[in-house]
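Architecture and fold: a report
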Amino acid sequence: MNRILLILAIAGIVTACEVPGKDPDKISMTDENGNEVSIDKEFVNNRVAIMNELQEKADKLKTLIPITLDEAKALLPTTLGGITITDEDLDSGNGIVKASAEYKSGTREIELEIYDCTGEEGRKVFLSQLKTMANFATENENSYIKTIDLNGKKAIEEMDKIENEIKLRYFEKNRFLVMLEAKGITAEELRKIAGQIKI
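All values derive from a computational prediction rather than experimental measurement. (Residues numbered from 1 in each chain as written. Predicted model: local features only at pLDDT ≥ 70, side-chain atom pairs only at ≥ 80, totals over all residues. Heavy atoms only, no water.)

1. With respect to the overall build of the protein chain
Keep this limit in mind: Strands are runs of DSSP state E lasting at least two residues, helices are runs of H or I lasting at least four, and both sets are numbered from the N terminus onward. Contacts are assigned to residue pairs that have any heavy atoms within 4.5 Å of one another.
Secondary structure summary: the protein chain contains five helices and 11 strands in total. Looking at the protein chain alone, contacts between residues at least 24 apart form 44% of all its contacts between residues at least 6 apart.

The following block contains the structure:
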């Protein structure tokens, strides 16, 4: 069960898990190993409030009119990190508008994708991506994935140390999913490059 569903599941049994004689500010439950665990009620309530807010945003996205392909094209910078755009593609298939571009110079490469998460399909993308943006970090000698603060926004940063690839994904204006992938560029550089994308 993913983290979001777990939180909602916990929220649904708040009342049932209150046990007389125990801390009323805690929720008691049994994990899959039969061990009793306690969780702060405030923590659960805060997470439920956040999920309700995100669900409202997703429902609003469903009602919005997608941008046109011309408008999507205008979102693509002519240069990123000092590299001029070398290829671009616009697509409105599968019920979602996407603009993508490539920037290449020598060993430095950047790929950019921008999705307009409106309509039913866009709403699904919005929610599915948010589920992966919880605070976490995992790392080994070859790679890492972690949540970072990117110019005041939550973002997921991924690094493949063997291939020297770095990826970023985040939302702009609670609507546009931005995905960056680069080679021959450091993580710090890519974060700065993300600031050059104006939506």
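2. Overview of the side chain of serine 100
Test applied: Here's how the labels work: a residue is buried when its accessible area is under 20% of the maximum for its type, exposed when over 50%, partly exposed in between, all with a 1.4 Å probe on protein chains only.
As for its position among the elements, serine 100 is in strand E5 (residues 97–105). Serine 100 gets classed as buried once you look at its relative accessible area, which sits at 14%. What serine 100 contacts, discounting residues up to four positions off in sequence, is Leu76, Asp87, Glu88, Asp89, Leu112 and Glu113.

3. As for unusual backbone geometry
Trans is the prevailing form of peptide bonds, just as negative phi is the prevailing case for residues other than glycine. A positive phi angle, near 55°, is found at asparagine 164, a position not held by glycine. In this fold, asparagine 164 is placed in the loop between strand E9 (153–160) and strand E10 (165–172). Here asparagine 164 falls in the partly exposed class, since its relative accessible area comes to 37%. Positive phi, close to 55°, is recorded for lysine 173, a residue that is not glycine. Since its relative accessible area comes to 58%, lysine 173 is described here as exposed.

4. Considerations on the sheet that holds strand E8 (residues 143–150)
To keep things clear, this is the line we draw: Pairing between strands requires that DSSP locate at least two bridges from one strand to the other. The axes are straight lines fitted to the C-alpha atoms, using for helices just the contacting stretch, and the angles between their N-to-C directions are given from 0 to 180°.
On the basis of which strands lie adjacent, the open sheet formed by nine strands has the order E3-E4-E5-E6-E11-E10-E9-E8-E7 and antiparallel pairing. Each edge of the sheet is formed by a strand with only one pairing partner; in this case those strands are strand E3 (79–80) and strand E7 (137–139). Examined bridge by bridge, strand E6 (residues 108–116) and strand E11 (residues 176–183) share eight bridges and lie antiparallel to one another. Note on E11: the bridge partner recorded for glutamate 109 is lysine 183. Helix H4 (residues 119–130) contacts E6, E10 and E11 of the sheet and is inclined by roughly 120° relative to E10.

5. A closer look at the confidence of the model for the protein chain
Detailed conclusions should not be drawn from predicted coordinates in areas where pLDDT is low. Which entries qualify depends on this criterion: The quantity called pLDDT is the predictor's confidence in a given residue, expressed from 0 to 100.
Of all residues in the protein chain, 74% have pLDDT values of 70 or greater, and the mean over the chain is 83. Confidence drops under a pLDDT of 50 for residues 1–19, and excluding neighbours within four residues, the segment shows 26 contacts in the predicted structure.

6. Quick look at the environment of glutamate 189
What counts, and what does not: Whenever two N or O atoms come within 3.5 Å, that pair is a polar contact, provided that in protein one can donate a hydrogen and the other can accept it, and provided that, for residues adjacent in sequence, both atoms are side-chain atoms.
In this structure, glutamate 189 sits in helix H5 (residues 187–194). In sequence terms glutamate 189 and glycine 81 are 108 residues apart; their C-alpha atoms lie 7.9 Å from each other. A polar side-chain atom of glutamate 189 sits 2.9 Å from the main-chain amide nitrogen of threonine 186.

7. Examining the pairing of E5
Here is the key point about a regular strand: its side chains alternate between the two faces of the sheet. Where strand E4 (residues 83–91) lies against E5, six bridges are found, and the strand directions are antiparallel. Within the sheet, the bridge partner assigned to leucine 90 lies in E5 and is alanine 99. Following E4, the chain reverses through five residues before pairing antiparallel with E5; asparagine 94 in that reversal takes a positive phi of roughly 60°. When E5 meets E6, the two strands line up antiparallel, connected through nine bridges. By the bridge assignment, alanine 101 is partnered in E6 with leucine 112. In sequence, E5 turns back onto E6 through a hairpin of two residues, with glycine 106 there showing a positive phi of about 65°.

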